Amino acid sequence: MNFRKVFLADRRMLARDAGIMVLPLALLFLLGPMLFANQGLFMELAIYVMLADALNIVYGFTGYLPFGFGVFFAVGAYGTAILVAFHGWPVALAILAGALFSALLSLLFTPLLRLSGAYFAIASLAAFEAVYLIFSNSSLTSVTGGPYGISFTSVYAPNLDYAVAAVLAVVSALTVLAVSGSSFGIALKAIREDRFAVELAGVNSLKYRTYAWLISSFLSGVAGGLYGWYLGFFYPEAVFSLTDFSVLVIVFVLFGGRGTVFGPLIGVAVLFAVYEFLTLYFSNLVLIIFGVLLVLLILFIPNGIMEQVTRLGRLLFRPEEGE
Amino acid sequence: MSLFVDAFVTSMLYAAFFSLAALGLNLVFGVMRIVNLAHGEFLVMGSYLAIALAIHYGFNPVLSLAVVVPLFFAIGLLLYYPLVPRLQRSDDPEMSSFILFFGVSFAMEGLAVQFFGNNYQEMNYALFRPLHLNLLNSTVPTAWVVTAAVSVAAIVAVYLYLYRTGLGLKTRALMINRDEAMANGVNINRVSAVAFGFSIALAAAAGSFSSLISYPTSPSIGDTFTLISFAIIIIGALGNPLATVLGAVVFAYAYGYTDIYLPNWSSIVPFIILIAVILARPQGLLGRKAREF
């Protein structure tokens with residue numbers, strides 16, 4: 001990588017995009033809890049923004065879909081909880097260490113990156129299951145709390161936790177923007193488009209994928225730690241939920257547009273609102289509606305709504321560029 | 001020692017059942033190169049139907065196959081046409097199918113909760129008399145022996161279809177090389193639709209017996225069956241239906257013996273084997289090359 005010229009994209013454009021990205025997010029996180037009087041909702045939103053950005057780095061940019069991606073989130077939550085509850089660490093340090101656990105786990109799983117397509121997706125699903133069964137195993141109750149859950153309510157501080165999560169959600173969005181505009185991000189996207197061509201051009205695709213994988217798992221781990229802290233007490237199923245922290249995030253990213261900078265944020269904002277609305281009023285239909293939505297999404301707008309929005313914008317404002 | 005023998009016999013019966021459970025998934029992957037993540041949900045639906053038939057009409061699950069198999073074959077055909085051809089025109093059918101069928105499984109799980117509730121349901125063991133049989137010096141439930149026998153019969157039927165019929169020949173041609181099969185006049189959609197129908201029917205047939213030999217039926221158990229089926233077909237060889245049997249044997253014996261000697265860790269074993277096999281030999285024990293890098 002040429003470190004002297006890391007940012008290949010135009011700096012002014014980057015600054016503009018950063019502004020467009022930070023302002024609405026900051027407003028949402030500041031005013032949201034006041035308007036709706038429900039901090040927990042916005043906490044989840046912040047967590048989903050981080051997870052969507054983390055997934056975007058590995059799935060959006062490199063094209064590798066880790067289906068059991070939520071494992072890093074859960075390990076982050078557990079790392080934090082174990083260090084605080086059983087070893088008396090301060091929370092901030094424990095969250096950092098939990099995220100490092102996630103990154104370490106992802107290093108352990110790097111051999112999976114040699115696999116392609118479906119093999120990779122299934123292997124990561126199996127890895128998720130295996131790690132879940134280890135953490136929830138009753139033989140390890142003294143180490144992880146086993147199936148009976150883990151509690152560290154003594155350090156419970158929801159307001160501080162929310163503030164940190166909101167700031168980090170914005171930071172993670174900016175991270176994606178920075179990655180997207182850097183030569184690193186361009187290498188990742190090139191890997192997604194044609195791995196053979198990238199290898200022929202002398203780029204070590206495995207190395208770049210490993211970096212993306214590490215960043216993504218670390219970010220998920222941080223999100224997990226913050227979420228665990230917010231819960232204060234949780235059962236293994238609460239953080240090892242394939243639906244909540246893998247599949248929903250995948251749907252958010254797909255809906256917005258994988259590999260785009262704004263897509264995942266829009267996906268989270270729109271679909272999380274829809275999801276919460278459905279859970280509130282039609283809780284027994286959530287699975288069905290989301291399932292059908294997912295099917296329609298993949299069949300009709302596989303590249304996400306960002307692409308449609310961009311095309312529409314181009315038609316409206318710059319008709320001379322056209323298609 | 002007798003514990004060892006019991007585990008041997010039980011695992012053998014398990015292996016037959018799980019071959020049947022995973023067979024359809026492998027057929028679909030082999031023919032269409034798509035991943036049916038809703039496989040376990042079809043199995044669960046078949047299971048609900050068989051249980052309902054047993055409760056309301058006193059059907060033995062073997063008898064209910066006469067209803068379950070044709071019905072789910074038809075459902076498979078009906079689902080094939082709106083979903084799969086469109087999927088195969090996308091940039092990356094394999095990955096798209098993964099997500100699409102996850103959506104299908106989501107919706108099916110939701111439907112199952114709506115119609116059958118979240119409780120566990122089980123087929124009545126007492127439909128089989130005598131309750132127990134003696135097999136190789138160990139006593140096993142008759143229901144398990146019947147399940148295994150039906151599974152073996154179904155596997156033989158799939159073998160005969162693939163190797164002794166015209167459509168089976170075309171199916172194998174598609175599995176080996178899609179483009180060349182098409183160039184030689186194989187009607188891809190028709191062959192694939194039939195394979196998809198068979199796959200769904202096989203899943204439902206396995207479901208008719210699943211609550212007897214493995215987990216009780218509930219909406220959320222579908223994912224578990226999907227994952228186990230995946231483990232099995234990857235251990236065997238992805239895209240080679242008959243290698244499923246070998247995968248199921250490895251899975252069943254590994255599971256059966258850990259279940260006896262380390263019961264707390266038995267459920268993790270299939271995933272460990274799966275990851276180990278994927279890393280060491282991603283093409284499966286019986287497969288040709290698969291890994292790109």
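Note: the structure precedes this text.
As the structure is a prediction and not an experimental result, all values here were calculated from the model. Every chain begins its residue count from 1, and numbering advances along the sequence as written. Note on labels: chains are lettered from A, ligands numbered from 1, in written order. Only residues with pLDDT of 70 or above have their local features reported here, since the model is predicted, and side-chain atom pairs are shown and tallied only from 80 upward, although totals for entire chains, interfaces and linings are computed over all residues.

## Things to note about the overall build of chain A
Across its full length, chain A holds 15 helices and two strands. Within these notes, the globule rule equals 2.2 Å times the number of residues to the 0.38 power, and the radius of gyration is based on C-alpha atoms. Against the compact-globule benchmark of 20 Å for 323 residues, chain A has a radius of gyration of 20 Å, which places it among compact chains. In chain A, of all internal contacts separated by at least 6 residues, the share reaching a separation of at least 24 is 78%. Each helix is a run of H or I in the DSSP string that is no shorter than four residues. Each strand is a run of E no shorter than two, and both are numbered from the N terminus. Residues are defined as contacting one another if the C-beta atoms placed from their backbone atoms lie within 7 Å.

## Comments concerning the packing of helix H3 (residues 61–88) of chain B against helix H8 (residues 188–213) of chain B
Residue and element names in this part refer to chain B. Only the stretch in contact is used when fitting a helix axis, every axis being a line fitted to C-alpha atoms; angles between N-to-C directions are given from 0 to 180 degrees. The N-to-C vectors of H3 and H8 enclose an angle of 140°; their axes lie 7 Å apart at closest approach. By the angle class used here, H3 and H8 are oblique. As H3 runs across H8, the sense of the crossing is right-handed. The residue classification treats Ala, Val, Leu, Ile, Met, Phe, Trp, Tyr, Cys and Pro as nonpolar and Asp, Glu, Lys and Arg as charged. All others, Gly included, are polar. Across the contact of H3 with H8, the residue classes tally to 20 nonpolar, seven polar and no charged. For this classification, under 35 degrees means roughly parallel, over 145 means roughly antiparallel, 65 to 115 means roughly perpendicular, and everything else is oblique. A clockwise turn of the near helix away from the far one marks a right-handed crossing, whereas an anticlockwise turn of less than a right angle marks a left-handed crossing.

## Some points on the interface of chain A and chain B
Counting residues at the interface gives 37 residues for chain A, matched by 36 residues for chain B. At the level of elements, helix H5 (117–135), helix H12 (242–256) and helix H14 (286–300) of chain A are the ones that each hand at least two residues to the side of chain A that touches chain B. Counting residues per element, the side of chain A that touches chain B draws most heavily on H5 of chain A, at 13 residues. Of the residues that constitute the side of chain A that touches chain B, the class distribution is 28 nonpolar, seven polar and two charged.

## Describing the pairing of strand E1 (residues 132–135) of chain B
Residue and element names in this part refer to chain B. Strands were regarded as paired on the criterion that DSSP finds at least two bridges between them. Bridge count for E1 against strand E2 (residues 138–141) is four bridges, and the pairing is antiparallel. Within E2, the residue paired with Asn134 across the bridge is Thr139. In textbook terms, the turn of a hairpin is the stretch between consecutive antiparallel strands, and for E1 and E2 this stretch comprises two residues, one of which, Leu136, has a positive phi near 50°.

## Section: unusual backbone geometry
A positive phi angle is found at Arg33 of chain B, which is not glycine, with a value near 55°. Here exposure depends only on C-beta density: within 10 Å of a residue's C-beta, 20 or more other C-beta atoms make it buried, 12 or fewer make it exposed, and intermediate numbers make it partly exposed, the C-beta atoms being placed from the backbone. The class of Arg33 of chain B is partly exposed, set by 18 C-beta atoms lying within 10 Å.

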